[in-house]
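# Residue-level structure breakdown
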Amino acid sequence: DSGVTQTPKHLITATGQRVTLRCSPRSGDLSVYWYQQSLDQGLQFLIQYYNGEERAKGNILERFSAQQFPDLHSELNLSSLELGDSALYFCASSEGVGNQPQHFGDGTRLSIL
Amino acid sequence: DAKTTQPPSMDCAEGRAANLPCNHSTISENEYVYWYRQIHSQGPQYIIHGLKNNETNEMASLIITEDRKSSTLILPHATLRDTAVYYCIVRGLNTNAGKSTFGDGTTLTVKP
């Protein structure tokens with residue numbers, strides 16, 4: 001158990017819809033990261049927050065957004081969903097920024113019908 | 001961050017040591033080597049990291065060559081549960097962790 005909690009585990013929805021994925025980091029971790037893993041691609045970094053502030057951005061689409069709340073949990077919002085958004089979405093956390101191990105949750109499997 | 005090269009797949013007999021190589025010939029002096037693994041669509045799991053000295057923890061050992069251009073992750077007594085994709089990542093002190101790319105990794109299959 002990594003200590004990182006992601007909900008829901010599975011999500012099935014239709015094209016054009018909007019969903020919210022939730023992540024609770026390990027106790028004491030201030031950084032939260034979001035990754036996307038599609039069948040034909042590796043782990044793609046989306047975005048990182050540190051103590052409520054956006055810290056780094058990766059290959060995140062404009063239809064996607066995230067935030068980190070004062071209690072340090074984070075949400076990833078995906079809107080105008082397309083079939084290609086079907087993927088595993090992982091959240092990870094670390095104590096700070098930079099050179100520290102990341103601890104990953106079990107992911108949310110998003111299926112777009 | 002330096003790029004890493006790993007073999008796409010490896011087999012190992014159960015109970016034997018699994019030695020997973022990683023080349024990182026462009027590594028800089030302040031860059032660390034990290035290893036993670038991902039077991040069948042579960043979240044990646046942190047294994048170990050090091051700078052230049054060999055490291056050991058309860059999961060594995062990390063051997064880094066003296067010139068730091070390559071490293072080997074050693075699972076001393078592989079079990080079937082160690083079957084996974086293993087990722088070698090190089091990351092600098094000031095590099096944002098999220099910017100590390102995981103690449104394709106090595107698929108380790110432990111056989112009975």
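In short, a report on the structure. (Residues numbered from 1 in each chain as written. Chains lettered and ligands numbered in written order. Predicted model: local features only at pLDDT ≥ 70, side-chain atom pairs only at ≥ 80, totals over all residues. Heavy atoms only, no water.)

### Observations regarding the overall build of chain B
What chain B contains, in helices and strands, is zero helices and nine strands. On C-alpha atoms alone, chain B measures out to a radius of gyration of 13 Å, which is about the 13 Å that the 2.2 N^0.38 rule sets for 112 residues. C-alpha extents for chain B along the principal axes are approximately 40 × 30 × 25 Å. When the 112 residues of chain B are sorted by exposure, 46% land in the buried category. For chain B, the share of sequence-separated contacts (at least 6 apart) that also reach a separation of at least 24 residues comes to 58%. Across chain B, the centroid of the 10 positively charged side chains sits 3 Å from that of the 11 negatively charged ones. (Helix = DSSP H or I, 4+ residues; strand = E, 2+ residues; numbered from the N terminus. Rg over C-alpha atoms; globule rule 2.2 N^0.38 Å. Buried < 20%, exposed > 50% of the residue type's maximum accessible area, 1.4 Å probe, protein only. Contact = heavy atoms within 4.5 Å. Lys, Arg positive; Asp, Glu negative; His and termini not counted. Charge placed at Lys NZ, Arg CZ, Asp CG, Glu CD.)

### Notes on the interface of chain A and chain B
Of the residues lining the interface, 21 residues belong to chain A; the matching set on chain B comes to 20 residues. Note on chain A versus chain B: buried area summed over both sides is about 1600 Å², and carbon and sulfur give 51% of it. Counting the contacts that link chain A with chain B gives zero salt bridges. Sorting the residues of the side of chain A that touches chain B by element identifies strand E4 (31-37), strand E5 (43-50), strand E6 (53-57), strand E9 (87-94) and strand E10 (103-104) of chain A as the ones contributing at least two each. A class-by-class count of the residues in the side of chain A that touches chain B yields nine nonpolar, eight polar and four charged. (Buried area = accessible area lost by both parts, 1.4 Å probe. Salt bridge = Lys/Arg side-chain N within 4 Å of Asp/Glu carboxyl O. Nonpolar A, V, L, I, M, F, W, Y, C, P; charged D, E, K, R; others polar.)

### Things to note about the pairing of E9 of chain A
Residues and elements named next belong to chain A. Most of E9 is tucked away, with eight of its eight residues classed as buried. Burial along E9 is two-sided: Ala-87, Tyr-89, Cys-91 and Ser-93 facing one way and Leu-88, Phe-90, Ala-92 and Ser-94 facing the other are all buried. Inspection of the sheet shows E4 paired to E9 by seven bridges, in the antiparallel sense. Bridge pairing links Trp-34 to Cys-91 in E9. By the bridge criterion, three bridges tie E9 to strand E11 (residues 108-112) in an arrangement that is antiparallel. Paired with Leu-88 across the two strands is Arg-109, which belongs to E11. As paired strands, E9 and E10 are joined by two bridges and run antiparallel to one another. (Pairing = 2+ DSSP bridges.)

### Notes on the pairing of E5 of chain A
All names here are of chain A. Across the eight residues of E5, six count as buried, placing the element largely inside the fold. Strand direction decides the pairing type here: E4 and E5, joined by seven bridges, are antiparallel. The residue bridging Gln-36 from the neighbouring strand is Gln-44, located in E5. Joining the antiparallel neighbours E4 and E5 is a turn of five residues. Alignment of E5 against E6, held across four bridges, turns out to be antiparallel. Within the sheet, the bridge partner assigned to Ile-47 lies in E6 and is Lys-57. Linking E5 back to E6 in an antiparallel pair, the connection comprises two residues, with Asn-51 at a positive phi of about 50°.

### Re the environment of Gly-92 of chain B
The topology assignment puts Gly-92 of chain B in strand E8 (residues 84-92). Put simply, Gly-92 of chain B and Tyr-32 of chain B are 60 residues apart on the chain and 6.0 Å apart in space, counted from C-alpha to C-alpha.

### As for the layout of surface pockets
Looking at the largest pocket, its volume works out to about 450 Å³. Forming the walls of the largest pocket are 21 residues, and the residues nearest its centre are Gln-37, Ser-38, Leu-39 and Gln-41 of chain A together with Ser-41 of chain B. Per-element tally for the lining of the largest pocket: the top contributor is E11 of chain A, with three residues. Taken together, the residues of the lining of the largest pocket break down into seven nonpolar, 12 polar and two charged. One number sums up the size of the second largest pocket: a volume of about 360 Å³. Along the wall of the second largest pocket there are 19 residues; nearest its centre are Asp-1, Ser-2 and Phe-104 of chain A together with Pro-44 and Gln-45 of chain B. Secondary structure elements with two or more residues in the lining of the second largest pocket: E10 of chain A together with strand E3 (31-38) and strand E4 (45-50) of chain B. Sorting elements by how many residues they give to the lining of the second largest pocket places E4 of chain B first, with three residues. (1 Å grid on protein atoms, 1.4 Å probe; cavity = no way out; pocket = protein on both sides within 12 Å on 5 of 7 lines; lining within 4 Å. Points joined across faces, edges and corners; volume = space filled by probe spheres on them.)

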